[in-house]
Amino acid sequence: MALSRMEVKCDGTERIPVDYVKGILQPTPTCDSWDQIWDFQARPDDLLICTYPKAGTTWTQEIVDLIQNDGDVDRTQRAPTHVRFPFIEWIIPSMGSGLEQANAMPSPRTLKTHLPFQLLPPSFLEKNCQIIYVARNPKDNLVSYYHFHRMNKALPDPGTWEEYFESFLTGKVCWGSWHDHVKGWWEARDQHRILYLFYEDLKMNPKHEIRKLGEFIGKKLDDSVLDKIVHHTSFDVMKQNPMANYSAVPAEIMDHSVSPFMRKGAVGDWKNHFTVAQNERFDEDYQRRMAGTSLAFHFQF
Ligand code: PPS
């Protein structure tokens, strides 16, 4: 596949460069292995957790693992998140590839992707796999992604907050436009086995959303197990959990001293970052690009 190489602004530290796959920015190791990723062979009993980056992936992964293990915390301590859930398009030369990890994993597998719907390897739909999609309001999503770029050397340097704000709005960030991502999966949800959830609902009423997840996966959970899962997947508990807080990733890749992976876990933190002018510009752009969709987000409680 022909790829157009892109110049990447770096701050002097080593960063993995990015390039385009079918118009969507990706780290170059993903671009270079795109044909294998596209040909990924899903299995009918795969469960796929899909999100735009920073929308609540890790939280959902922890919840799903606890549901699958009937609330048994010891079993979810078997390995860090990135080992328990192969991230199918992710390749870090020094750490390995999500594809290899997935191919070596016995069934049933729970996999992770950030791919927009049009880039989903077709075999997931051909095999009629179950898919959980989680969306987060774009203002908090943007803030979280900005801080993640700062601490994660496997992504381009974000530049200044003002520069990153523009990159996000124009979709010139890895995995592309937030607007297109959430809309693409929203439109697909009724044609496939997709459960579409929202970060803000998980935050507002975790027990209700966890029960919904359990029903989707086919697990009936009694109240005490539900309460246990709510507790173990609260932000404060997960932040202290070395198997869920990404502290197991080498510091050369994720530097938690720059910004912790488990940063704030809040709804409305964007108010501490957006200027009044940025908020107006964001809202105007949002209304134009989200016109005609029934998707609705909570931006604050
Ligand atoms: S990634 O890298 O795309 O997989 O990141 P992802 O897990 O999708 O998103 C990380 C953000 O989710 C927050 N998070 C949580 N919020 C509330 N409760 C729980 N339990 C939880 N676990 C993770 C995490 O703190 C990141 O958001 P910010 O706003 O940066 O804190």
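Residues numbered from 1 in each chain as written. Predicted model: local features only at pLDDT ≥ 70, side-chain atom pairs only at ≥ 80, totals over all residues. Heavy atoms only, no water.

Undergrad: Which residues make up the overall build of the chain, and what values do they have?
TA: Along the chain, the regular secondary structure elements total 15 helices and 8 strands. By the compact-globule yardstick of 19 Å for 301 residues, the chain fits well, its C-alpha radius of gyration being 18 Å. Considering the chain as a whole, with its 301 residues, one finds that 57% of them fall into the buried category. Surface summary for the chain: the accessible area is close to 13,000 Å², and the carbon and sulfur share equals 51%. (Helix = DSSP H or I, 4+ residues; strand = E, 2+ residues; numbered from the N terminus. Rg over C-alpha atoms; globule rule 2.2 N^0.38 Å. Buried < 20%, exposed > 50% of the residue type's maximum accessible area, 1.4 Å probe, protein only. Areas by Shrake-Rupley, 256 points an atom, 1.4 Å probe, with all protein chains shown as cover.)

Undergrad: Can you explain the sheet that holds strand E6 (residues 110–113)? Please cite residues and give values.
TA: Sheets are built from strands that pair by backbone hydrogen bonding, the pairs being arranged parallel or antiparallel. Strand order in the open sheet formed by 4 strands is E6-E3-E7-E8, and the pairing between neighbours is parallel. Whereas interior strands pair on both sides, the edge strands pair on one side only; in this sheet they are E6 and strand E8 (194–198). Averaged over all neighbouring strand pairs, the angle between strand axes comes to 20°, with direction disregarded. As paired elements, strand E3 (residues 47–51) and E6 share 4 bridges and run parallel to each other. By the bridge assignment, Cys 50 is partnered in E6 with Thr 113. In this fold helix H3 (residues 57–68) packs onto E3, E6 and strand E7 (130–135), with an angle of close to 160° to the strand it touches most, E3. Here helix H10 (residues 178–188) sits on the sheet and contacts E3, E7 and E8; the angle it forms with E8, its principal contact strand, is near 135°. (Pairing = 2+ DSSP bridges. Axes fitted to C-alpha atoms, helices over the stretch in contact; angles between N-to-C directions. Contact = heavy atoms within 4.5 Å.)

Undergrad: Lay out unusual backbone geometry in plain terms, naming residues and giving numbers.
TA: Note that the residue after Ser 107, namely Pro 108, is joined by a cis bond; omega there is -5°. Within the secondary structure layout, Pro 108 lies in the loop between helix H6 (98–104) and E6. Phi angles above zero are rare outside glycine, and Lys 22 is one such case at about 45°. Its location among the elements puts Lys 22 in the loop between strand E1 (18–21) and strand E2 (24–27).

Undergrad: Any details on the site of the ligand? Residues and values, ideally.
TA: Neighbouring the ligand are 22 residues, the closest being Thr 57, Thr 58, Ser 144, Tyr 199 and Lys 264. Take His 114: an N or O atom from its side chain is 3.1 Å from an oxygen atom of the ligand. Out of a free accessible area of 640 Å², the ligand has 98% covered by protein chains. Listed by contribution, the elements that provide at least two residues to the shell around the ligand are H3, helix H8 (138–151) and helix H14 (235–239). For the shell around the ligand, the per-class residue count stands at 9 nonpolar, 8 polar and 5 charged. (Near = heavy atom within 4 Å. Polar contact = N/O pair within 3.5 Å; in protein donor to acceptor, adjacent residues only side chain to side chain. Nonpolar A, V, L, I, M, F, W, Y, C, P; charged D, E, K, R; others polar.)

Undergrad: Go over the environment of Lys 54, please, and point to the residues and values.
TA: Here Lys 54 lies in the loop between E3 and H3. Residues Lys 54 and Met 243 lie 189 residues apart in sequence; the distance between their C-alpha atoms is 18 Å. When sequence neighbours within four positions are dropped, the list of residues in contact with Lys 54 reads Arg 136, Asn 141, Ser 144, Tyr 145, Phe 148 and Phe 261.

Undergrad: An account of helix H12 (residues 206–217) is needed here, citing residue identities and associated values.
TA: Here H12 spans 16 Å end to end across 12 residues, near enough to the 16 Å set by a 1.5 Å rise per residue. Among all positions in H12, only Glu 209, Ile 210, Leu 213, Gly 214, Phe 216 and Ile 217 are buried. Taken around the axis of H12, the buried residues stretch over an arc of 160°, which confines them to a single face. Buried positions along H12 lie against E3, H3, E7, E8, helix H11 (199–204) and helix H13 (223–232). Positive phi appears at Gly 218, one or two residues downstream of H12, with a value of about 90°. (Expected span 1.5 Å × (residues − 1). Arc of directions from axis to C-beta.)

Undergrad: Just give me the short version of the nonpolar core, but keep the residues and values in it.
TA: Considering soluble globular proteins, one finds that nonpolar side chains tend to be buried as a cluster. If you look at the biggest cluster of nonpolar residues, it comprises 92 residues, and the most contacted ones within it are Tyr 145 and Phe 297. If one sorts the elements of this core by residue count, H8 sits on top with 6 residues. Every residue in contact with Tyr 145, bar those within four places of it in the chain, is listed here: Tyr 52, Pro 53, Lys 54, Leu 155, Tyr 164, Phe 168, Val 173, Cys 174 and Trp 175. (Core = buried A, V, L, I, M, F, W, Y, C linked by side-chain atoms within 4.5 Å.)

Undergrad: Describe the environment of Ser 234, with residues and values.
TA: With respect to the secondary-structure elements, Ser 234 resides in the loop between H13 and H14. Through-space distance from the C-alpha of Ser 234 to that of Gly 265 is 9.3 Å; in sequence the pair is 31 residues apart.

Undergrad: Go over the packing of aromatic side chains with me, naming the residues and quoting the values.
TA: Inspection of every chain in the model, using the stated rule, returns 29 aromatic pairs. With centroids separated by 5.3 Å and ring planes inclined at 10°, the aromatic side chains of Phe 87 and Trp 90 adopt a geometry described as stacked. A relative accessible area of 18% places Trp 90 in the buried class. Relative to Phe 274, the ring of Trp 161 has its centre 5.8 Å away and its plane inclined at 55°; by these criteria the two rings are tilted. (Phe/Tyr/Trp six-rings, centres within 6.5 Å; stacked < 30°, edge-to-face > 60°.)

Undergrad: Which residues make up the pairing of E3, and what values go with them?
TA: Where burial is concerned, most of E3 is hidden: 5 out of the 5 residues are buried. By the bridge criterion, 5 bridges tie E3 to E7 in an arrangement that is parallel. The residue bridging Leu 47 from the neighbouring strand is Gln 130, located in E7.

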